[in-house]
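Okay, here's what each chain looks like letter by letter:
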Amino acid sequence: IRRQAGATPLPYATVFRAAAPMSGGSAINIHRVLGLLAQTMGNLDQAATHFEENLAFCRKAGYRPELAWTCCDYADALRERGGPGDEEKAVALLDESLAISSELGMRPLMERVLSRQEHLDPETSDDSKSLAMAAEESAITTPAISGPKPDESLEQDAFSLIRDMDSISLSR
């Protein structure tokens, strides 16, 4: 999701109402997608609310891959917002994301988190790299444990909604 200069934004409430029915019963909770959308629109407080909702949902449901991605995305939003305590919370979220992604062998997310941690305290970055390398080595000898598969059609609908938002123009 990227901001585009001059684009007519779809009213956030319209997107929220359209997306709400898609969130029920799947491994992807629409709150992460809505958090990314709110962040892109510059509404960082609303983004934080959505990310918090998704963290709670993923922790309760045990959706660890989605939890790891949400932690990373939420950390980005907090660092962009830059409010009191945001940097510390972002560091904790990145640590959690790296721990989960390393354990599950989610290499693209591990690389993403490590790149973000390089911009933080150098000691944190070195510790995180050691953790990621150790987890990667153990993943080679440990068989992967797969959890529930997300409903791919639901996931596709959510991402199609966001992709197609650029082509929607308001005539009112």
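In this report, the structure presented in the accompanying data block is examined.

Things to note about the packing of helix α3 (residues 44-61) against helix α4 (residues 64-81)
Thinking step 1. Look at α3 against α4: their axes get within 9 Å of each other, and the N-to-C directions meet at 160°. In terms of orientation, α3 lies roughly antiparallel with respect to α4. Judged by the sense of rotation from one axis to the other, the crossing of α3 with α4 is left-handed. Every residue of α4 that contacts α3 at L44, D45, A48, F51, E52, N54, L55, C58 and R59 is listed here: E66, L67, T70, C71, D73, Y74, A77, E80 and R81.
Thinking step 2. A per-class count over the contact of α3 with α4 returns 9 nonpolar, 2 polar and 7 charged.

Examining the nonpolar core
Thinking step 1. The biggest cluster of nonpolar side chains holds 26 residues, and the ones touching the most others in it are L55, L67, Y74, L93, L94, L109 and V113.
Thinking step 2. Contributions of two or more residues to this core are made by α3, α4, α5 (86-104) and α6 (107-117).
Thinking step 3. Those residues in contact with L93, other than ones at most four positions away along the chain, are L55, C71, Y74, A75 and L78.

A short note on the side chain of D86
Thinking step 1. Positionally, D86 belongs in helix α5.
Thinking step 2. For D86, a relative accessible area of 5% puts it in the buried group.
Thinking step 3. Setting aside residues up to four positions removed in sequence, D86 forms contacts with L78 and R81.

Structural notes on helix α2 (residues 30-40)
Thinking step 1. Across the 11 residues that make up α2, a large majority, 10, are buried.
Thinking step 2. What α2 keeps buried is the set I30, H31, R32, V33, L34, G35, L37, A38, Q39 and T40.
Thinking step 3. One or two residues past the end of α2 sits G42, with phi positive at roughly 85°.

Here's the deal with the packing of aromatic side chains
Thinking step 1. In the structure shown here, the tally under the stated rule is 2 aromatic pairs.
Thinking step 2. Between F57 and Y63, the aromatic rings sit 5.7 Å apart at their centres with planes inclined by 40°, giving tilted as the arrangement.

Describing the packing of α2 against α3
Thinking step 1. Direction vectors running N to C along α2 and α3 enclose 165°, while the axes themselves pass 8 Å from each other. Judged by the angle between their axes, α2 and α3 are roughly antiparallel. Here α2 runs over α3; the crossing is left-handed. Facing H31, R32, L34, G35, L36, A38 and Q39 of α2, the residues of α3 in contact are L44, Q46, A47, H50, F51, E53 and N54.
Thinking step 2. Tallied by class, the residues present in the contact of α2 with α3 amount to 6 nonpolar, 6 polar and 2 charged.

Criteria and cut-off values
- Residues numbered from 1 in each chain as written.
- Predicted model: local features only at pLDDT ≥ 70, side-chain atom pairs only at ≥ 80, totals over all residues.
- Heavy atoms only, no water.
- Axes fitted to C-alpha atoms, helices over the stretch in contact; angles between N-to-C directions.
- Helix = DSSP H or I, 4+ residues; strand = E, 2+ residues; numbered from the N terminus.
- Parallel < 35°, antiparallel > 145°, perpendicular 65-115°, else oblique.
- Left-handed = near helix turned anticlockwise from the far one by under 90°.
- Contact = heavy atoms within 4.5 Å.
- Nonpolar A, V, L, I, M, F, W, Y, C, P; charged D, E, K, R; others polar.
- Core = buried A, V, L, I, M, F, W, Y, C linked by side-chain atoms within 4.5 Å.
- Buried < 20%, exposed > 50% of the residue type's maximum accessible area, 1.4 Å probe, protein only.
- Phe/Tyr/Trp six-rings, centres within 6.5 Å; stacked < 30°, edge-to-face > 60°.

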